[in-house]
Amino acid sequence: KAKSLTQLHLSFGSSIQTCKSCGLSFTRGSPDDETLHKAHCARVQRGMEWSKDEDKNPSVQAIEETVKLHDGSKGRIVCFKADSKGKLKAKATTLLRTVDLALSAQPLTEAMLAESKIYIFLLSSSESSREKIVGCVVASRIQTAMRIVTPDVGPSSSSPSDSIPSPKRDDLVWVDIPDGGIFCDPTPLPTPMGIHRVFVSSEHRHQGIACALLSAAAKTFIYRCPLDPTKGEVAFSQPTSAGRGVMMRWGKGGVRIFEE
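Just so we're clear, the structure is a prediction, and the values are computed from it rather than from any experiment. (Residues numbered from 1 in each chain as written. Predicted model: local features only at pLDDT ≥ 70, side-chain atom pairs only at ≥ 80, totals over all residues. Heavy atoms only, no water.)

Some points on empty space enclosed by the protein
Throughout the structure, instances matching the rule amount to one cavity of 30 Å³ or more. Of the volumes computed, that of the largest cavity is approximately 80 Å³. Around the largest cavity sit R43, G47, M48, L95, T98, V99, I133, V134, G135, C136, F199 and S201, which together line it. For the lining of the largest cavity, the secondary structure elements donating two or more residues are α3 (86-103) and β7 (131-141). With four residues, β7 is the single largest residue contributor to the lining of the largest cavity. Broken down by class, the residue content of the lining of the largest cavity amounts to seven nonpolar, four polar and one charged. (1 Å grid on protein atoms, 1.4 Å probe; cavity = no way out; pocket = protein on both sides within 12 Å on 5 of 7 lines; lining within 4 Å. Points joined across faces, edges and corners; volume = space filled by probe spheres on them. Helix = DSSP H or I, 4+ residues; strand = E, 2+ residues; numbered from the N terminus. Nonpolar A, V, L, I, M, F, W, Y, C, P; charged D, E, K, R; others polar.)

If you want it as structure tokens, here you go:
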């Protein structure tokens, strides 16, 4: 009688893990990887420290001193050039690296940084005397962008400047976004400001920080020339699904899309 056989499976497990809190993949057991993950995860969840010395840098400009959030807490907004020098450059580099990792985005080029300003939202920290950077917007000077449209129906915005017939679906550009995408009219339209990055630490979301930062950027990015997102004067680079929600709420359908 033939002897029945049993299949043997060997499972060695995987040393690569993806953190559910920050989304970063790292090698478990590697000291360098685990140290990197621990620091990144803390910044993504709770924010990044901002010192008084950095606040005194002449490149730092105060935008809003008192911004009230939905939970009643108050913070402030400052901005500085993305290509600042010295200690501020080191802070900007770490901040942008954290944001890029969290958003799975490619780093901005030196040319892009030269045209950009970083707006940060600061909250007092209960853990130390330093403030925490809990939100960030990177705004840049751009030339043109595409309006968002609904195929064969019309523009998604009620802005008079965009109230022109939409092209047929075959003539549109599809912008892929997780959990769905958006259609854009490929016709380049003059647009003065583009938003490269929008990020808020996970423990401080749904408090109005992103919208406060975007409004501050629209109001001050160009000296004495406030911009109106509802009129198509602001554009986003390819947003995440969460970024799309912020874009639509803040811009009321008037924000455009630009190619980064």
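Notes on the side chain of K91
Summarising the element assignment, K91 is placed in helix α3. There is a polar contact of 3.4 Å between the side chain of K91 and the side chain of E54. Once residues within four sequence positions are removed from consideration, K91 is found in contact with M48, E49, W50, E54 and I133. (Polar contact = N/O pair within 3.5 Å; in protein donor to acceptor, adjacent residues only side chain to side chain. Contact = heavy atoms within 4.5 Å.)

Focus on helix α6 (residues 241-251)
For α6, the complete set of buried residues consists of G243, V246, M247, W250 and G251. An end-on view of α6 places all buried positions within 100° of arc, on one side of the element. Projecting away from the buried face of α6 at angles above 90 degrees are the exposed residues A242 and R249. Where the residues of α6 are buried, they touch β9 (148-150), β12 (182-184), α5 (209-220), β15 (234-236) and β16 (256-257). Looking one or two places after α6, you find K252, whose phi comes out positive at around 50°. (Buried < 20%, exposed > 50% of the residue type's maximum accessible area, 1.4 Å probe, protein only. Arc of directions from axis to C-beta.)

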